Amino acid sequence: MLVIHGIWAHDALLVWAEDSGQPTAGPSRPGGIVTPLRPHPFAAAAGVLADVLAEQPGLSDPVRKATEDELTVWLPGTSHRPAGSPDLADLADLAADGGLSRGPSASGATSVLAPRRGSSALATASVALAPWQVPVLAFDPDAALALLRVVGQEDARLTDGLLAGSMRYLAALAALATDLAARARVLPGVRDGGDDRYAARWKPVLTGPDALRVRELTIALPPLCRATDADGESSAAIVTAALESLTDAAVRDRLARVPGFALLAASQAAPLTDRWAAALTGPDGRLAIASHERASAAQLAFALWAWQDAAQEPPGPVRTCFRLIEPPTQDGGVLPDRPAEQDEADGGVWRVELALQSTDDPSLLLPAGDIWSGAAADGWAAAGIDYPEDDLLAGLGKASRLFPELDAALQDPAPESVQLDNRGALRFLKETGPLLAGAGFGVLLPDWVRRSRLGLKLTTRARATAGSGSATAPVFGLADLVDFRYDLAIGEETLSPDELAELARLKVPLVRLRGQWVELDERHLRAALRFLERSGKGTMPAQEAALAALGQDAAELPVIEVDADGWLGDLLSGHADSRLEPMGTPSSFDGVLRPYQERGLAWLSFLGRLGLGAVLADDMGLGKSPQTLALLAAERDTGTSAGPTLLVCPMSLVGNWQREAARFTPGLCVHVHHGADRLTGSELASAIASADLVITTYGVAVRDRDVLAQVRWSRVVCDEAQNIKNAGTRQAQAVRAIPATSRIALTGTPVENRLTDLWSIMAFACPGLLGPAEKFRQRFAIPIERNGDADATGQLRRLTGPFILRRVKTDASVIADLPDKLEMKVWCNLTPEQASLYQATVSDMMARIEAAEAEGDGIGRRGLVLATMAKLKQVCNHPAHLLGDGSRLAGRSGKLERLEEIGDEVIADGDKALCFTQYAEFGRMLQPYLASRLGCPVLYLHGGTPKRQRDAMVAEFQESAEPAL
């Protein structure tokens with residue numbers, strides 16, 4: 001089994017691997033003599049690595065283009081052998097499970113090489129960096145891009161290999177380069193390689209969120225990616241070099257895929273600029289420069305560099321802003337319905353007002369007219385803007401390249417606006433505005449732009465044979481037939497066929513309809529005319545109506561409004577919990593549900609009767625487990641249970657679910673399928689058949705996947721469903737493979753890091769709803785996460801809203817149902833010893849930071865700050881916590897003194913209390929001290945506590961009548 005690493009160096013992706021089958025001991029030499037360069041003792045041969053990579057679909061072609069080479073890497077270890085990577089040490093745990101996916105480390109920032117392999121031997125020797133020679137496969141930028149795109153996919157897996165953090169990190173860089181090329185966030189340039197070796201290159205333009213993303217990636221650069229340079233090349237330089245090469249490859253790849261695209265051609269006799277333009281579209285960008293052209297090449301390179309530098313300069317306190325203003329109404333009233341061309345005949349025109357906009361607060365605008373008149377000059381001078389007229393003119397000069405209509409306005413010594421005709425306004429909406437916004441200018445559009453688009457209004461009505469119009473009806477389902485009618489609509493206005501025909505006849509892209517401006521997309525207009533040729537009403541299954549309403553491309557035009565009654569209306573509203581009649585607490589439920597929990601129970605029951613999945617995403621502490629148990633109790637009481645429910649949860653929560661079930665639903669038959677002595681074969685089948693609830697863990701779900709998949713479960717519930725947020729993991733795949741009539745995911749964090757977390761959870765709860773993973777990434781994840789696309793956000797909310805119930809403790813509908821929370825903050829003074837340690841820690845940090853700044857080590861400075869913050873928290877806990885010297889605790893910490901006072905008050909009142917600490921080692925110090933000091937049981941629970949011991953502690957704490965901590 002190979003652990004595969006990647007390094008970007010010498011304008012290429014260099015891939016090497018550690019082989020778990022090679023001996024761990026490196027070659028030693030007599031008398032401790034060590035050669036300057038030694039072969040890495042457990043590095044895989046380049047041919048072996050190539051065979052492993054080529055087995056992955058889509059990698060055979062890039063691997064064929066790779067060349068074999070050798071690389072010197074600096075790795076920690078002894079004088080005789082390097083340390084193995086953490087991934088190599090973890091392979092033994094993963095190999096037994098078969099195919100390996102993305103590896104155990106989730107972050108590319110993990111310290112890739114640490115002395116864990118053969119740690120017992122290393123512990124007795126001095127560990128230092130030393131050079132080692134490793135065989136590598138070298139991929140030029142275009143082959144590297146193809147390779148990284150494949151290994152960066154969510155489902156990427158290698159049969160005989162494990163992708164280390166450095167490879168996943170470089171795959172993230174390749175994904176960013178591909179996205180920059182797709183959004184045209186690039187500019188052409190020239191790279192001077194010396195000795196007349198020039199090359200035409202596409203370079204990324206990094207502003208706003210893109211620049212922030214690059215800074216984050218720079219901070220997260222894995223140590224292995226710097227292992228080729230003992231002097232320590234800066235992280236920023238490595239990331240910049242890799243991103244520029246990958247972006248250039250991504251642009252050329254994108255150009256080559258354009259239908260009908262032809263490469264530019266230029267002979268060596270052609271002018272330099274023509275040859276440069278041709279090289280921008282060629283396969284490698286090489287640009288031959290004759291000796292007499294050196295000065296011209298340098299001039300071209302400088303001009304292009306200045307262009308790129310201006311595009312990426314950091315934003316100042318203000319930016320130039322363009323606001324589109326529609327033609328004025330007559331006499332301040334609403335204009336009659338007529339095309340915009342008629343308004344132009346009357347003198348009504350569109351205007352783009354010029355202004356300066358604050359970059360910190362975009363709501364602050366300084367119109368160009370006020371700038372020229374000097375109005376509010378004092379206020380802007382106070383904000384640090386001394387010459388707003390210079391800022392405005394500089395911005396207008398840059399914008400004129402993207403907004404040609406500005407040229408006429410700039411002939412005026414004091415321009416205030418640009419006048420546009422109807423088609424010019426449409427061009428500003430569709431082309432110029434987005435270009436300006438992408439270049440960092442402010443663009444303000446009228447409110448109607450987003451909402452006044454041609455689409456369909458879907459109206460459905462439940463048929464008399466479909467049970468009942470209420471969601472509380474005992475019989476209803478997605479197979480029910482509903483009457484439907486499609487109407488053409490623009491915004492909130494419904495159009496008749498005659499009106500649409502008139503709009504088509506006018507062929508005007510912007511019209512005013514019933515008092516509001518409307519943009520008519522020609523493609524949608526043609527689709528609407530075709531739609532009129534077909535029947536827009538009839539009957540359809542409720543499932544088809546639901547898919548159309550949710551935006552699953554059921555029609556040629558987007559569905560922009562839905563009017564549905566009955567249970568379908570409740571479902572599509574996305575607020576079914578508030579529209580449904582709350583379910584009362586089941587009679588067999590030993591407790592009383594709060595009102596918001598009754599609404600949650602009704603929602604779960606509603607979706608369950610439809611056979612649909614649900615994601616109950618209530619905030620922690622709002623009672624997801626009681627609502628789930630109440631659902632099972634209600635089904636048992638009414639005799640509607642269709643079989644056992646399988647609950648999958650982390651191992652630490654198995655005992656909690658047992659206790660919750662025994663407390664709230666003692667009538668349920670609960671079976672725990674966990675542990676080495678768990679039932680198998682016919683005994684397990686018999687236990688499942690007689691159970692209402694079967695509790696198991698994610699680990700057991702993987703190991704017993706085939707056994708659990710043989711049972712037709714009524715329902716599968718995933719608690720702490722963020723455990724399946726990575727769709728490629730074995731536990732996510734195992735849980736998804738378990739058949740069930742319906743599924744429930746319980747999680748307070750349906751999205752932790754990125755939107756693909758949500759896709760993975762929804763793939764379990766509602767299989768197929770969000771489509772394939774790659775389509776979801778292109779349709780939603782990239783537009784929302786990278787570009788803040790409001791339309792994509794709205795579509796995703798509409799798609800998932802009916803199936804996700806998310807409530808937090810501050811919601812008005814929840815907080816009224818909760819008891820009052822009393823919160824008191826008490827300040828604890830530092831003891832003199834603590835104050836001295838605190839000041840010494842801060843002084844040490846400042847000295848180290850000054851040294852790091854002198855060496856230009858920005859990342860080291862950040863690490864020092866974070867490390868010092870952790871030390872200061874330990875100082876505030878107790879000096880013994882920081883020093884770790886096992887010294888006495890009494891009388892040395894203000895915080896501990898206050899804790900003792902609170903403990904005394906609790907014990908005196910005969911109460912119990914929970915005390916939380918972030919540090920396990922501090923908890924180990926506190927437990928015996930507090931037990932002796934307070935004279936009561938002090939139970940210490942932490943992440944490493946075994947389940948049996950954990951359950952015993954919880955039972956003792958809850959059942960004992962004596963005070964305890």
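Report follows, based on the coordinates. (Residues numbered from 1 in each chain as written. Predicted model: local features only at pLDDT ≥ 70, side-chain atom pairs only at ≥ 80, totals over all residues. Heavy atoms only, no water.)

1. Structural notes on the overall build of the protein
Filter applied, for reference: For the purposes of this entry, the term helix denotes a DSSP run of H or I that reaches at least four residues, the term strand denotes a run of E that reaches at least two, and both are numbered from the N terminus. Burial classification: accessible surface area is computed with a 1.4 Å probe over protein chains only, and a residue below 20% of its type maximum counts as buried, one above 50% as exposed, and the rest as partly exposed. We call two residues in contact when some of their heavy atoms are within 4.5 Å. Using a 1.4 Å probe, accessible areas were evaluated by the Shrake-Rupley method; residue-level cover was limited to the displayed protein chains.
A count of helical and extended segments in the protein gives 39 helices and 29 strands. Every one of the 965 residues in the protein was classed for burial, and the buried ones make up 45%. A sequence separation of at least 24 residues applies to 74% of the contacts in the protein between residues at least 6 apart. Entry remark: accessible area of the protein is about 46800 Å², with carbon and sulfur atoms responsible for 52%.

2. Regarding the environment of W827
Within the fold, W827 resides in the loop between helix 33 (812–815) and helix 34 (832–854). Residue class for W827 comes out exposed when judged on its relative accessible area of 74%. Along the primary structure W827 and G894 are separated by 67 residues, whereas in three dimensions their C-alpha atoms are 9.2 Å apart.

3. Considerations on the sheet that holds strand 26 (residues 693–697)
Sheet strands pair by backbone hydrogen bonding; their relative direction is either parallel or antiparallel. Basically, it comes down to this: A strand pair is defined by DSSP finding two or more bridges across the two strands. Every angle, taken between N-to-C directions, lies between 0 and 180 degrees, and every axis is a line fitted to C-alpha atoms, over only the stretch in contact when it is a helix.
A sheet is described by the order of its strands in space; here 7 strands give the open sequence 25-26-24-27-28-23-29, paired in parallel fashion. On the outer flanks of this sheet lie strand 25 (670–672) and strand 29 (804–805), each paired with one strand and no other. The pairing of strand 24 (residues 645–649) with strand 27 (residues 713–719) spans 4 bridges and is classified as parallel. For V648, the partnering residue across the bridge sits in strand 27 and is C718. Contacting strand 24, strand 25, strand 26, strand 27 and strand 28 (740–746), helix 25 (residues 654–664) runs over the sheet at an angle of about 165° to strand 26.

4. Some thoughts on the sheet that holds strand 9 (residues 286–288)
The strand order across the open sheet formed by 3 strands is 7-8-9, and the pairing between neighbours is antiparallel. At either margin of the open sheet sits one strand with a lone partner, and together these are strand 7 (186–192) and strand 9. Averaged over all pairs of adjacent strands, the angle between their axes in this sheet comes to 30°, without regard to strand direction. Pairing between strand 8 (residues 197–204) and strand 9: 3 bridges, direction antiparallel. Within strand 9, the residue paired with R197 across the bridge is A288. Of the strands in this sheet, strand 7 and strand 8 are in contact with helix 8 (residues 235–256), which crosses strand 8 at around 85°. Most of the contacts of helix 9 (residues 272–281) go to strand 9, to which it runs at about 160°, and overall it touches strand 7, strand 8 and strand 9.

5. Some details on the packing of aromatic side chains
Condition: Paired rings are identified among Phe, Tyr and Trp, the last through its six-membered ring, by centres lying within 6.5 Å, and are further divided according to the angle between planes into stacked (under 30 degrees), edge-to-face (over 60) and tilted (the rest).
All chains considered together, the criterion is met by 6 aromatic pairs. Ring centres of F589 and F664 lie 5.2 Å apart, and the angle between their planes is 5°; on these two criteria the pair is classed as stacked. Of this pair, F589 sits in the loop between helix 22 (576–579) and helix 23 (595–609) while F664 sits in helix 25, and the two are 75 residues apart along the sequence. Both residues of the pair, F589 and F664, count as buried. Both rings, one in F776 and one in F780, keep their centres 5.5 Å apart while their planes meet at 45°; by these two values the pair is tilted. On the criterion of helical spacing, the pair formed by F776 and F780 is a turn pair, its members being 4 residues apart in helix 31 (residues 773–787).

6. Some words on the pattern of salt bridges
Note the cut-off: In what follows, salt bridge is the name for a side-chain nitrogen of Lys or Arg lying within 4 Å of a carboxyl oxygen of Asp or Glu.
Throughout the structure, instances matching the rule amount to 22 salt bridges. Through salt bridges with shared partners, a single network forms among D61, R64 and K65.

7. Things to note about helix 37 (residues 894–908)
Here is the rule we go by: The length a helix should cover is 1.5 Å for every residue beyond the first. Two N or O atoms count as a polar contact when they lie within 3.5 Å, although within protein this holds only if one can serve as hydrogen donor and the other as acceptor, and sequence-adjacent residues are included solely when both atoms are side-chain atoms.
Its 15 residues give helix 37 an end-to-end C-alpha distance of 21 Å, which sits within 8% of 21 Å, the value for a rise of 1.5 Å per residue. If you check which residues of helix 37 are buried, you get G894, L896, R898, L899, E900, G903 and V906. Buried residues belonging to helix 37 abut helix 34 and helix 38 (920–934). One side-chain oxygen at the N-terminal end of helix 37 lies 3.3 Å from the backbone nitrogen of K895; it belongs to S893.

Read these as spatial facts, not as claims about activity.
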